[in-house]
Amino acid sequence: MGYAMSRLEMDSELCDGDKTMPEAGSSKRASKSLDKLDHEIAQVTKLNSSPHKQLAKLVPGTQKLSVSPVKIYLPVKGPWLVDQMSTRAYVSQFSADGSLFVAGFQGSYIRIYNVEDGWKVQKNILAKSLRWTVTDTSLSPDQRHLVYASMSPVVHIVDVGSAETESLANVTELHDGLDFSSSSDGSYSFGIFSVKFSTDGRELVAGSSDDSIYVYDLEQNKLSLKILAHTSDVNTVCFADESGHLLFSGSDDNLCKVWDRRCFIAKGKPAGVLSGHLEGITFIDSHGDGRYFISNGKDQTIKLWDIRKMAPNATSYSGLRNYEWDYRWMDYPYEARDLKHPSDQSIATYKGHSVLRTLIRCYFSPVYSTGQKYIYTGSHDSCVYIYDLVTGEQVASLQHHKSTVRDCSWHPYYPMLVSSSWDGDVVKWEFPCNGEAQVPATKKRIRRQ
């Protein structure tokens, strides 16, 4: 009940023009807050452990599931090869029920694998009008449609449920284009880095290279909202929870922002801002409770945030940089590794992985198979890193790939993680655990030597 009351109070404050959010506390107070972090996040996870109604429809019986007490143990088993392509992998994601897995590649291909049918390729999509690479994909909650984005304002949507295995854009199947640009001249003035379905499947939210957040109404088939959100590229955006009211965004201006759509029109500014990263933010993942989220940064850190600590405004802090650096082709300067933001509002920081060359992603581990006890991320050094959420300890480093791991995904119900890399490999890892979760039946697995 305390959680419910605090959420109600917080939501009312977000739209109250006479109130301001508390300023960032000192590092000492942040350290004390970590003492309560384990219990508080565990309680929030428990309160949010019931599957969404769409998932309950797809997987009968999931409504009765509770948070798993599973803890991973070393050594991790694997990897086993799922697929091998000749081009870089940029996207790797399980569907909400874990029955499908999506991998997006630079060579215009997006593959959807049927996990429960021996990882058979259910859909082989040849992307339309691809610019540079597939930057992001998202499956609709009912798993009937997939959207994919690239460095273009047009997002394409594909019918995943059709009988065709080969989906060649406008040859074997129609890939409808959803135009996120507000101009009518057809110019490709910006690209989209991040795109996500809302939980009800009625909207898409996107982050773009023109410093903006876009919301697209799929029922009305038109752009419903554009927010000039940051002062640099919006590399990542996501819904905070199932309500769809709150959005989280991260940018190359080093800031995380919280947006409340219920009062944006009236206020025209974010509900709050969180600062602490010294370099641009590559990805944000929500805990799903509308309160906590994590971000990956080019300062080589993951940070955990509590939006109750956000400030009403902030500016990008660059006072510590006295060097020229570009993460796309340079190593992170040694002298910058121990620098700290003077007004860091995060409540925990995780180090060890490498955020270089591309927009590397990080996630909370799933509710059902891990109780969200862990944080995991890809890395430029070819590994997948797993951290304990509360202690910050690195509990595993999965080593197999020969190049950058941009994305990876943990199965929502089984102790299994799939990673893909710029080397073109898609591989599966399994975790010995103290629970009784079982891996779905697959065909004979191929072990890489």
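Details of the structure are given in the entry above.
As a starting point, this report considers the structure included with it. All of these numbers come straight from a predicted model, not from anything done at the bench.

The subject of this paragraph is the pairing of strand β21 (residues 301–306). Burial analysis of β21 places six of its six residues in the buried class, which makes it a mostly covered element. In terms of strand pairing, strand β20 (residues 292–297) meets β21 through six bridges, oriented antiparallel. By the bridge assignment for β21, isoleucine 294 is matched with leucine 304. Once β20 ends, the chain turns through three residues before running back antiparallel as β21, passing glutamine 300 with a positive phi of about 70 degrees.

Okay, the pattern of salt bridges next. Per the stated rule, a full pass over the model turns up 14 salt bridges. When the shortest N-O distance is used, the salt bridge between aspartate 136 and arginine 361 registers 3.0 Å. In this pair, aspartate 136 is assigned in strand β6 (residues 136–139) and arginine 361 in the loop between β22 (348–351) and β23 (362–364), connecting sequence segments 225 residues apart. Accessibility expressed as a relative area gives 1% for aspartate 136, which makes it buried. Each of Asp136, Lys196, Arg361 and Asp407 takes part in a single network of salt bridges with overlapping partners.

Let us now look at the sheet that holds strand β19 (residues 281–286). One open sheet accounts for four strands, arranged β19-β20-β21-β22; its pairing is antiparallel. Strands at the two margins of the open sheet, each flanked by one partner only, are β19 and β22. The average undirected angle you get between the axes of adjacent strands in this sheet is 20 degrees. For β19 and β20, the ladder comprises five bridges, and the chain directions are antiparallel. Within β20, the residue paired with isoleucine 281 across the bridge is glycine 297.

So, about the sheet that holds strand β13 (residues 212–217). The strand order across the open sheet formed by four strands is β11-β12-β13-β14, and the pairing between neighbours is antiparallel. Each having just a single partner strand, β11 (192–197) and β14 (222–228) make up the two edges of the open sheet. Neighbour to neighbour, the strand axes of the sheet diverge by 20 degrees on average, direction disregarded.

Moving on, we come to the nonpolar core. In terms of nonpolar packing, the biggest core is built from 18 residues, with Tyr376, Ile386, Leu398, Trp410, Leu417 and Phe431 touching the most fellow members. Secondary-structure elements contributing two or more residues to this core are β24 (374–377), β25 (383–388), β26 (394–399), β27 (407–410) and β29 (425–430). If one sorts the elements of this core by residue count, β26 sits on top with three residues. Once you skip the residues sitting within four places of it in the chain, leucine 398 turns out to touch Val76, Ser382, Cys383, Val384, Leu417, Trp429 and Phe431. In terms of nonpolar packing, the next biggest core, distinct from the first, is built from 15 residues, Tyr90, Ile125, Val134 and Val160 among them.

A word on the pairing of strand β4 (residues 109–114). Most of β4 sits inside the fold, with five of its six residues counted as buried. Strand direction decides the pairing type here: strand β3 (residues 100–105) and β4, joined by five bridges, are antiparallel. By the bridge assignment for β4, phenylalanine 101 is matched with tyrosine 113. Of the strand pairs in this sheet, β4 and strand β5 (residues 120–126) are connected by six bridges, and their pairing is antiparallel. Bridge pairing in β5 places isoleucine 112 opposite lysine 123.

Each value, and the rule that gives it
Residues numbered from 1 in each chain as written. Predicted model: local features only at pLDDT ≥ 70, side-chain atom pairs only at ≥ 80, totals over all residues. Heavy atoms only, no water. Buried < 20%, exposed > 50% of the residue type's maximum accessible area, 1.4 Å probe, protein only. Helix = DSSP H or I, 4+ residues; strand = E, 2+ residues; numbered from the N terminus. Pairing = 2+ DSSP bridges. Salt bridge = Lys/Arg side-chain N within 4 Å of Asp/Glu carboxyl O. Axes fitted to C-alpha atoms, helices over the stretch in contact; angles between N-to-C directions. Core = buried A, V, L, I, M, F, W, Y, C linked by side-chain atoms within 4.5 Å. Contact = heavy atoms within 4.5 Å.

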